[in-house]
Amino acid sequence: MPISFLKDIKSMHHQELVKLLSSGNLDEHIEGFYLFNSDKVQSRHLLFNDGFPALVLMPTANHRSYVQIADQRFPVGAAWICGGLMKRVFWEPGITSGEILIIRFQPFSFFNLFNLNAGIFTSRPVYDFCEITGYVFQNLIDTFYKCLDLRQKVKLIESFVSNRQLRQAYPHLLKEGIRYIQVKQGDLSVKELSCALGLNLNYKWWERTFKKHLGLSPQRYIQSQRFFFTYVELEESPQKELIEVAINNGYYDMNHMVKNFREYTGEPPRTFFRQT
């Protein structure tokens, strides 16, 4: 999703953001429903994912936008999904008005809900919804856009999730690990993660479990969290020296931080924020 949207979700202080309450007991499957005013969407957005795959539903069924990954630019329809590790991925929303609904799924349930392999986002982190699901779930999207109001739309998604028979249970330790990594804002190693949780698990267990359920390694997940919180600090405190931001977020030095920032945005921090 747009990294600016994710920043608002994390802070929950932005006046343009509305978090919708779920009527069912779906916390194991859905992290949250979020409503954004599309009038605030800029012409080009950096996309980012924090480990929770997101389904983005645009205001109208015929909406078409574009995603750019490196030199590749391709269209997506009114419903598109994103997940996995996102580096140098940008979204061009085009002309739109109305409200954008974003549904953040628990990573453990998402792949089972839509019959997907956890490694699907390795080759590409953004897909048109019907493209990735093989049009099996086209009826869900068609029905969604026929709903008369937001309440009906949310109820439709909740019913869909409730009626799906999930095949797999997920390690409680993995859930705790993800939660702790986010609390630490990516400023830790895999070894420190095990120690903090009071466990004697080696790197291979974490790597195998992360890849099975999230589709990426624990080290890449930790690095992505560190980048996100670095991005937020740089955007909110442009007067800070880069070395200070680097130290605050656990980088070895300023060059290490700038290199990591360029991996995700394609540009060094000062250049990137001058253009946004």
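One can find the structure itself at the top, above this paragraph.
Residues numbered from 1 in each chain as written. Predicted model: local features only at pLDDT ≥ 70, side-chain atom pairs only at ≥ 80, totals over all residues. Heavy atoms only, no water.

Participant: Looking at this structure, I do not really get the overall build of the chain. What am I missing?
Facilitator: When helices and strands are counted, the chain shows 13 helices and ten strands. For a compact globule of 276 residues, the expected C-alpha radius of gyration is about 19 Å, and the chain comes in at 19 Å, within 12% of that figure. The principal-axis extent of the C-alpha atoms belonging to the chain is close to 55 × 45 × 35 Å. In the chain, once contacts between residues fewer than 6 apart in sequence are set aside, the share between residues at least 24 apart is 70%. Summed over all atoms, the accessible surface of the chain reaches about 13,500 Å², with 48% contributed by carbon and sulfur. (Helix = DSSP H or I, 4+ residues; strand = E, 2+ residues; numbered from the N terminus. Rg over C-alpha atoms; globule rule 2.2 N^0.38 Å. Contact = heavy atoms within 4.5 Å. Areas by Shrake-Rupley, 256 points an atom, 1.4 Å probe, with all protein chains shown as cover.)

Participant: Would you take a moment to explain unusual backbone geometry for this structure?
Facilitator: The general pattern is negative phi for most residues beyond glycine and trans for most peptide bonds. Unlike most non-glycine residues, R88 shows phi in positive territory, near 55°. Residue classification places R88 among the partly exposed residues on the basis of a relative accessible area of 41%. (Buried < 20%, exposed > 50% of the residue type's maximum accessible area, 1.4 Å probe, protein only.)

Participant: So what exactly am I meant to see when it comes to the pairing of strand β5 (residues 65–69) here?
Facilitator: For a regular strand, side-chain orientation follows a simple rule: the groups alternate between the two sheet faces. Along β5, the buried face is formed by S65, V67 and I69; none of Y66 and Q68, which line the opposite face, is buried. For β5 and strand β6 (residues 72–76), the ladder comprises five bridges, and the chain directions are antiparallel. When the sheet's bridge partners are listed, Y66 is paired in β6 with P75. Linkage of β5 to β6, two consecutive antiparallel strands, is achieved through a turn of two residues, within which A70 is found at a positive phi near 55°. (Pairing = 2+ DSSP bridges.)

Participant: Please explain the packing of helix α1 (residues 3–11) against helix α10 (residues 218–236) as it appears in this structure.
Facilitator: Relative placement of two packed helices is described by the angle separating their axes and the distance separating the axes. Interhelical geometry of α1 versus α10 gives an angle of 90° and a closest axis separation of 11 Å. Put simply, α1 runs roughly perpendicular to α10. Side by side, α1 and α10 meet where I3, L6, K7 and K10 of the first sit next to F227, F228, Y231, V232, E235 and E236 of the second. (Axes fitted to C-alpha atoms, helices over the stretch in contact; angles between N-to-C directions. Parallel < 35°, antiparallel > 145°, perpendicular 65-115°, else oblique.)

Participant: Could you clarify how one ought to interpret a nonpolar patch on the surface in this entry?
Facilitator: Nonpolar side chains collect at one region of the surface, where I243, I247 and M254 lie side by side and expose about 260 Å² of accessible area between them. Looking at the secondary structure, you find I243 in helix α11 (residues 242–248). (Patch = residues over 30% accessible without salt bridge, like charges linked within 9 Å, V, L, I, M, F, W, Y side chains within 5 Å. Salt bridge = Lys/Arg side-chain N within 4 Å of Asp/Glu carboxyl O.)

Participant: Teacher, can you tell me more about the nonpolar core here?
Facilitator: Most often, soluble globular proteins have nonpolar side chains that are buried together. V126 and F129 are the most contacted members of the largest nonpolar core, which has 76 residues in total. When residues of this core are assigned to their parent elements, the largest contribution, six residues, is made by α10. Sequence-distant contacts of F129, that is, excluding residues within four places in its chain, are made with L55, A79, W80, I81, F114, F137, L140 and I141. Grouped together as the second largest cluster of nonpolar side chains are 15 residues, L188, L216, Y221 and I222 included. (Core = buried A, V, L, I, M, F, W, Y, C linked by side-chain atoms within 4.5 Å.)

Participant: Hey, could you run me through the sheet that holds β5 in this one?
Facilitator: Whenever strands of a sheet pair, they do so through backbone hydrogen bonds, lying parallel or antiparallel. With antiparallel pairing, four strands are arranged side by side in an open sheet as β3-β8-β5-β6. Of all strands in the sheet, those bounded by a partner on one side alone are β3 (45–46) and β6.

Participant: It is not clear to me how the packing of aromatic side chains should be interpreted in this structure. Could you clarify?
Facilitator: Where two aromatic rings form a pair, the distance of their centres and the angle of their planes describe that pair. One pass over the structure, following the stated rule, counts 31 aromatic pairs. Ring geometry for F48 against F227: centres 5.6 Å apart, planes inclined by 50°, an arrangement best described as tilted. Of the two residues, F48 is situated in the loop between β3 and β4 (54–57) and F227 in helix α10; the sequence distance between them amounts to 179 residues. Judged by its relative accessible area of 1%, F48 is buried. Classification of F227 by relative accessible area gives buried; the value is 1%. Measuring from ring centre to ring centre gives 5.6 Å for F48 and F228, while their planes differ by 15°; the resulting arrangement is stacked. Taken together, the positions of F48 in the loop between β3 and β4 and F228 in helix α10 put the pair 180 residues apart, joining distant regions of the chain. Aromatic rings pair up to connect F48, F227, F228, F229, Y231, F261, Y264, F272 and F273 into one cluster. (Phe/Tyr/Trp six-rings, centres within 6.5 Å; stacked < 30°, edge-to-face > 60°.)

Participant: How should I be thinking about the side chain of T133 in this particular structure?
Facilitator: Structurally, the position occupied by T133 is in the loop between α4 (129–132) and α5 (138–144). Side-chain polar atoms of T133 contact the backbone oxygen of F129, separated by 2.9 Å. (Polar contact = N/O pair within 3.5 Å; in protein donor to acceptor, adjacent residues only side chain to side chain.)

Participant: Any chance you could explain the packing of helix α7 (residues 172–183) against helix α9 (residues 203–213) here in plain terms?
Facilitator: With their axes 11 Å apart at the nearest point, α7 and α9 run at an angle of 95° to one another. With respect to each other, α7 and α9 are oriented roughly perpendicular. Residues L173, L174, G177, I178 and I181 of α7 form the contact with α9, whose own contacting residues are W205, W206, T209, F210 and H213. Residues belonging to the contact of α7 with α9 are distributed by class as follows: seven nonpolar, three polar and no charged. (Nonpolar A, V, L, I, M, F, W, Y, C, P; charged D, E, K, R; others polar.)

Participant: What am I meant to see in helix α6 (residues 150–163) here?
Facilitator: Because the α-helix completes a turn every 3.6 residues, residues three or four places apart line up on one side. With 14 residues, α6 extends 20 Å between its outermost C-alpha atoms, agreeing within 8% with the 20 Å of an ideal straight helix rising 1.5 Å per residue. Of the positions making up α6, those classed as buried are K153, V154, L156, I157, E158, F160 and V161. One side-chain oxygen of the residue at the start of α6 lies 3.3 Å from the amide nitrogen of R151, identifying that residue as D149. (Expected span 1.5 Å × (residues − 1).)

Participant: Help me understand the environment of E241, please; the structure alone is not making it clear to me.
Facilitator: Structurally, the position occupied by E241 is in the loop between α10 and α11. Residues E241 and M254 lie 13 residues apart in sequence; the distance between their C-alpha atoms is 9.4 Å.

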